[in-house]
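Secondary and tertiary structure notes
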Amino acid sequence: MGIRPIAKLILLSVFLTACDATGVYDQYEHLSQGWGLKDTVSFEFEQPKETEVYDLFVNVRNDNSYSFSNLFLVIEMNFPEGKAVTDTIEYEMAKANGEWLGKGFTDVKESKLWYKQGVRFPEEGMYTVSIAHLMRKNGEVAAEDPLKGIIDVGFRIEKGGSSE
């Protein structure tokens, strides 16, 4: 007598959860119509343990319709008591030969992009991270609107890292 389908599902869920012991927060927003220039992707989370140190990541899923080898993002973190930190970051998305750097077996590739390392969350309450893109073609002033090929944008907090 074999394992029933529901038991297999429960075992798989336990296994997948156990394999991600470092993950504290991991959410995605799906972008079904492309990523509009004014479409800020936001993630809200409760203060993790203030005594712990965390590493922060932006996760991006793209497909072959993404026409750039890099990705410029503006990332803003808002603290519960009103402080805000804004960073403009460029991420490399493809090798010089055009091969995607992300992981995946299909046309969709997932990239786990470093945002900050060794972060502490000293204030109690809700934090918000907002992410927007600044992509434009060479020689053009106007940004890509909508930016095609970015399917999902995510934000991840992991235990670990070293303090800054």
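Summarised in this report is the structure supplied together with it.

Applying the stated criterion across every chain yields a total of seven salt bridges. E110 is the partner of R61 in a salt bridge, and the nearest nitrogen-oxygen pair spans 3.5 Å. With R61 in strand β3 (residues 54-62) and E110 in strand β6 (residues 109-119), the pair connects residues that are 49 residues apart, well separated along the chain. Under the relative-accessibility criterion, R61 is labelled partly exposed at 24%. Residue E110 is classed as partly exposed on the basis of its relative accessible area, which comes to 30%. Between K112 and E158 there is a salt bridge, with its nearest N and O atoms 2.4 Å apart.

All chains considered together, the criterion is met by twelve aromatic pairs. The interplanar angle of 25 degrees and the centroid separation of 6.3 Å between the aromatic rings of F43 and F155 together place this pair among those described as stacked. Taken together, the residues span a long stretch of sequence, with F43 in strand β2 (residues 41-46) and F155 in strand β8 (residues 150-159) at a distance of 112 residues. Like F43, the residue F155 is buried in the burial classification. Residues F45 and Y127 carry aromatic rings whose centres are separated by 5.7 Å and whose planes lie at 10 degrees to one another, so their mutual orientation is stacked. Of this pair, F45 sits in strand β2 while Y127 sits in strand β7 (residues 126-133), placing them 82 residues apart in sequence. Each member of the pair, F45 as well as Y127, is classed as buried. Ring-pair connections join several aromatic residues into one group, and the members of that group are Y25, F43, F45, Y54, F79, F121, Y127 and F155. Over the aromatic face of Y28 sits the side chain of R61, whose NZ or CZ is 3.8 Å from the ring centroid. Positioned above the aromatic ring of F57 is the side chain of K112, whose terminal nitrogen or guanidinium carbon lies 4.4 Å from the ring centre.

The four strands are arranged β2-β7-β4-β5 in an open sheet whose pairing can be described as antiparallel. Every other strand in the sheet has two partners, leaving β2 and β5 (84-92) as the edge strands with one partner each. For this sheet the average axis-to-axis angle between neighbouring strands, irrespective of direction, equals 20 degrees. With six bridges joining them, β2 and β7 adopt antiparallel strand pairing. When the sheet's bridge partners are listed, V41 is paired in β7 with I131.

Moving on: the sheet that holds β6. The strand order across the open sheet formed by four strands is β1-β8-β3-β6, and the pairing between neighbours is antiparallel. Here the strands that pair on one side only, and so sit at the sheet edges, are β1 (23-30) and β6. Looking at each pair of strands side by side, their axes are set apart by 15 degrees on average, direction ignored. As paired elements, β3 and β6 share eight bridges and run antiparallel to each other. The partner of N59 across the bridge, within β6, is K112.

Rules and cut-offs
Residues numbered from 1 in each chain as written. Predicted model: local features only at pLDDT ≥ 70, side-chain atom pairs only at ≥ 80, totals over all residues. Heavy atoms only, no water. Salt bridge = Lys/Arg side-chain N within 4 Å of Asp/Glu carboxyl O. Helix = DSSP H or I, 4+ residues; strand = E, 2+ residues; numbered from the N terminus. Buried < 20%, exposed > 50% of the residue type's maximum accessible area, 1.4 Å probe, protein only. Phe/Tyr/Trp six-rings, centres within 6.5 Å; stacked < 30°, edge-to-face > 60°. Lys NZ or Arg CZ within 6 Å of the ring centre and 35° of its normal. Pairing = 2+ DSSP bridges. Axes fitted to C-alpha atoms, helices over the stretch in contact; angles between N-to-C directions.

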